[in-house]
Amino acid sequence: MHTHSWRPIPSANTSDLKMAGSNNKTTSKGLSYSPGVTWPVVTDGRGGGRVSTSAVAKAALIAGYIAVGNKGAIERVEKERNWRANYSKHYFDHVRSSVDMGESSVVMAKACLDSLHGSFRYIGKRGNIPLSEAMKSHTPNRFQTERILGRFRENSQNFPEESSENSENSTTALRIPHPSGNLTGETLKKQARKWELSQVIEPSAANGLIYASELVSSKEWKNRIAPYAFVILGAGAALSPTLTLLEIGATVVGIDLPGRGHMWSKLMGKAAIGKGELIVPTTEGKGELTMRAGCDLLRDAPEIADWISTVCPNKTLVIGTYAYMDASDFVRIAIAMDAIAENVLKKRPNSILASLATPTDIYLRPEATRLAAKRRFNTRPGWFRLVNRISRGKMLAPNAEGIVLEGKLAGMDIVNGVVHQQGPNYMLAKRLQQWRALVARSEGTRVSINVAPASRTISVVKNRLLRAAYAGVDFFPPFEVFEAETTSSVMAAGLIRDIFDDQSASNPKLDLKTPLALLTDNACHGGAWSAAVTLRSASVIAAVVGFSKEYNVLPIAAAAGVGAVVLKLRSRL
């Protein structure tokens, strides 16, 4: 392992940077397959091939139902002919079935995972083989290991005690970037309680923020964080906790694509000026470290798993899966990360698993939050009712009219936050992460998987319609869209709480009413659970409001635009 003196690269042409799979071959359906983790391709007899993402998703759900003998659900999924249009109802049914099955929901989750790992392929030196088989192979480790030590890490007397050299680094504190300014200490606690009272986050999440803030600023923090190494798959992702972890003195093993000079420059720069340590895989060669660092999660999955298993042998690994890609590639990267995490957990069984859940999914909702959504809907403005009636119930639809559960889950319900436009591939990728979380926790692994709020990431703001909807969604309180850097820090705090607080649902020794309660604890849903109407039914009007803000349109004109959109879309809804 080499310790590097780091300096930023002078410049980098981002147009020269390639995403994983940029040299892919293309199927008749336009989907890519290339060396590394790929969708299964079926030949069509004419020298081409096809990928059916729907078939893979349906097979996973069916496998789960087979495992628990739910014949009716199997038939419903098998008979579905328009998966893209109707996928959300099948995932809702799957969650409802998981709730009904209790502890057997883990059996369903494992069967779904096994189906996916058996379906996906890996193209490498051994040819086109099942991903599960590829991860069993042992390949020579071609990665070197480089370390970037923070200057306050190297001089241990400055961590976390007072330092006259730089007052900014004199103490360790959890910092949450926020439009109102950086939140630390008391300001962080006040904002946490404000979010809680507005029902933007759950009470457990507010308590978790305060818990993490107090722990990080305590004298014992250095010793508490020292035994852990945070392996971040997708270290440069917008919502990853990398920057916050480096800032509070953690050891971070950062994994992301090579060739992204500016990204690596940012991460290494953050590490160099702080109290943390950044460990990265690199390849041999000359040139700046920022251009040699990194590896490809899709193409190098087996090698990455082997390399991770060797780093920081005396520390407990926290394996975080945060990488994102668009469309069907999101499933590819999700299954690649899952395969890596599963492999490392077998070799380092005391490791911790971490990931983020999306608010636009399906969850168990606490009774208090359900009742709050119902109260808001019952006191909604008259124009809400009018729009709902004109759109035949599709727009501004109630957020709390589902079946209220009974028994040990009495008062809770299942909240459906799916936004259909995200598509079935996004849903499958996020569902995969939930399945892994349930299975890993049942096997004794501590698991941190918390619902993160809707956030203004690059992938969102580059889409004009989504950007407008996010800009206008605060028209429907308590919906709140977070800035990406705010979310990443808030969720890093949740991760800290999950690791150190034994009362967190992440603790596998803690009895939960149902395995799915893991996703209810510590949720920062951004108001998606407590709003009067569902996000998907408010998205069109939110976009119109957002465009009116962007182009400074008068409220009357905006209202007219809403009316026109409602009438035009009525037949489509």
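Described in the following lines is the structure provided in the data block. (Residues numbered from 1 in each chain as written. Predicted model: local features only at pLDDT ≥ 70, side-chain atom pairs only at ≥ 80, totals over all residues. Heavy atoms only, no water.)

**Focus on the overall build of the chain**
- Of the regular secondary structure elements, the chain holds 22 helices and 19 strands.
- Taken across its 573 residues, the chain has 58% of its residues classed as buried.
- Across the chain, every contact between residues at least 6 apart in sequence was considered, and the portion connecting residues at least 24 apart equals 76%.
- For the chain, the exposed surface amounts to about 24,600 Å²; the carbon and sulfur share of it is 52%. (Helix = DSSP H or I, 4+ residues; strand = E, 2+ residues; numbered from the N terminus. Buried < 20%, exposed > 50% of the residue type's maximum accessible area, 1.4 Å probe, protein only. Contact = heavy atoms within 4.5 Å. Areas by Shrake-Rupley, 256 points an atom, 1.4 Å probe, with all protein chains shown as cover.)

**Considering the sheet that holds strand S7 (residues 121-124)**
- Reading across the sheet, the three strands line up as S4-S7-S8 and stay open at both edges, with antiparallel pairing between neighbours. The open sheet terminates on both sides in strands that have one partner only, identified here as strand S4 (36-38) and strand S8 (127-130). Each adjacent strand pair in this sheet contributes to an overall mean axis angle of 30°, direction not counted.
- Where S7 lies against S8, four bridges are found, and the strand directions are antiparallel. Paired with Gly 124 across the bridge in S8 is Gly 127. (Pairing = 2+ DSSP bridges. Axes fitted to C-alpha atoms, helices over the stretch in contact; angles between N-to-C directions.)

**Looking at the layout of surface pockets**
- For the second largest pocket, the calculated volume is near 470 Å³.
- As for the second largest pocket, its lining consists of 19 residues, of which Ala 339, Glu 342, Asn 343, Lys 346 and Arg 436 are closest to the centre.
- Secondary structure elements with two or more residues in the lining of the second largest pocket: helix H4 (105-119), helix H14 (328-347) and helix H17 (424-442).
- Here the element with the most residues in the lining of the second largest pocket is H14; it accounts for six residues.
- Looking at the lining of the second largest pocket residue by residue, the classes come out as seven nonpolar, four polar and eight charged. (1 Å grid on protein atoms, 1.4 Å probe; cavity = no way out; pocket = protein on both sides within 12 Å on 5 of 7 lines; lining within 4 Å. Points joined across faces, edges and corners; volume = space filled by probe spheres on them. Nonpolar A, V, L, I, M, F, W, Y, C, P; charged D, E, K, R; others polar.)

**Things to note about the environment of Val 311**
- By the element assignment, Val 311 lies in the loop between helix H13 (301-308) and strand S13 (316-321).
- For Val 311, a relative accessible area of 3% translates into the label buried.
- Along the chain, Val 311 and Val 253 lie 58 residues apart, while their C-alpha atoms are 8.4 Å from each other.
- Residues in contact with Val 311, not counting those within four places in the same chain, are Val 253, Leu 317 and Arg 348.

**Concerning the packing of H4 against H17**
- Contact geometry of H4 with H17 gives a least axis separation of 9 Å together with a crossing angle of 125°. When the axis of H4 is compared with that of H17, the two are oblique. Viewed along their axes, H4 and H17 form a crossing whose handedness is left-handed. Judged by residue contacts, Val 106, Ala 109, Lys 110, Cys 112, Leu 113, Leu 116 and His 117 of H4 engage Leu 428, Leu 432, Trp 435, Arg 436, Leu 438, Val 439 and Ser 442 from H17.
- Each residue belonging to the contact of H4 with H17 can be placed in one class, and the counts come to 10 nonpolar, two polar and two charged. (Parallel < 35°, antiparallel > 145°, perpendicular 65-115°, else oblique. Left-handed = near helix turned anticlockwise from the far one by under 90°.)

**Thoughts on the pairing of S7**
- In terms of strand pairing, S4 meets S7 through three bridges, oriented antiparallel. Bridge pairing in S7 places Gly 36 opposite Ile 123.
- Two successive antiparallel strands, S7 and S8, enclose a turn made up of two residues.

**Describing the environment of Ser 537**
- Note on placement: Ser 537 falls in helix H21 (residues 535-550).
- Looking at Ser 537, the relative accessible area reads 4%, which means it is buried.
- The spatial distance from the C-alpha of Ser 537 to the C-alpha of Gly 393 is 9.0 Å, given a sequence separation of 144 residues.
- Every residue in contact with Ser 537, bar those within four places of it in the chain, is listed here: Lys 394, Met 395, Leu 396 and Ala 397.

**With respect to the nonpolar core**
- Ile 308 and Ile 340 are the most contacted members of the largest nonpolar core, which has 114 residues in total.
- Ile 176, Ile 210, Val 318 and Ala 354 belong to the second-largest nonpolar core, a separate cluster that totals 52 residues. (Core = buried A, V, L, I, M, F, W, Y, C linked by side-chain atoms within 4.5 Å.)

**So, the pattern of salt bridges**
- Inspection of every chain in the model, using the stated rule, returns 23 salt bridges.
- In this structure, the salt-bridge partner of Arg 175 is Glu 247, at a minimum N-O distance of 2.8 Å. Of this pair, Arg 175 sits in the loop between helix H6 (151-154) and helix H7 (185-197) while Glu 247 is found in helix H10 (residues 242-247), placing the two residues 72 residues apart along the sequence.
- Where Glu 220 meets Arg 224, a salt bridge forms, and the shortest distance between an N and an O atom there is 2.7 Å.
- Among the residues examined, Glu 220 registers a relative accessible area of 40% and is labelled partly exposed. (Salt bridge = Lys/Arg side-chain N within 4 Å of Asp/Glu carboxyl O.)

**Re the environment of Phe 482**
- Within the secondary structure, Phe 482 is located in strand S19 (residues 482-483).
- Taking the C-alpha atoms as reference, Phe 482 lies 9.4 Å from Ala 452; in sequence the two are 30 residues apart.
- Phe 482 has contacts with Trp 195, Val 200, Pro 453, Ala 454, Ser 455, Arg 456 and Thr 487, leaving out every residue within four places of it along the chain.

**Observations regarding the side chain of Thr 486**
- With respect to the element layout, Thr 486 can be found in helix H20 (residues 484-500).
- Sequence-distant contacts of Thr 486, that is, excluding residues within four places in its chain, are made with Ile 176, Pro 177, His 178, Pro 179 and Trp 195.

**Here's the deal with the packing of aromatic side chains**
- Inspection of the entire model under this criterion finds 14 aromatic pairs.
- An angle of 45° between the planes, with centres 4.7 Å apart, marks the rings of Trp 39 and Phe 120 as tilted. Placement of the pair is Trp 39 in the loop between S4 and strand S5 (42-43) and Phe 120 in the loop between H4 and S7, with a sequence separation of 81 residues.
- Looking at Phe 120, the relative accessible area reads 0%, which means it is buried.
- Each member of the aromatic cluster is reached from another via a ring pair, and the members are Trp 383, Phe 384, Phe 475 and Phe 476.
- A cation over an aromatic ring shows up here: Arg 380 above the ring of Phe 377, its NZ or CZ 3.7 Å from the ring centre. (Phe/Tyr/Trp six-rings, centres within 6.5 Å; stacked < 30°, edge-to-face > 60°. Lys NZ or Arg CZ within 6 Å of the ring centre and 35° of its normal.)

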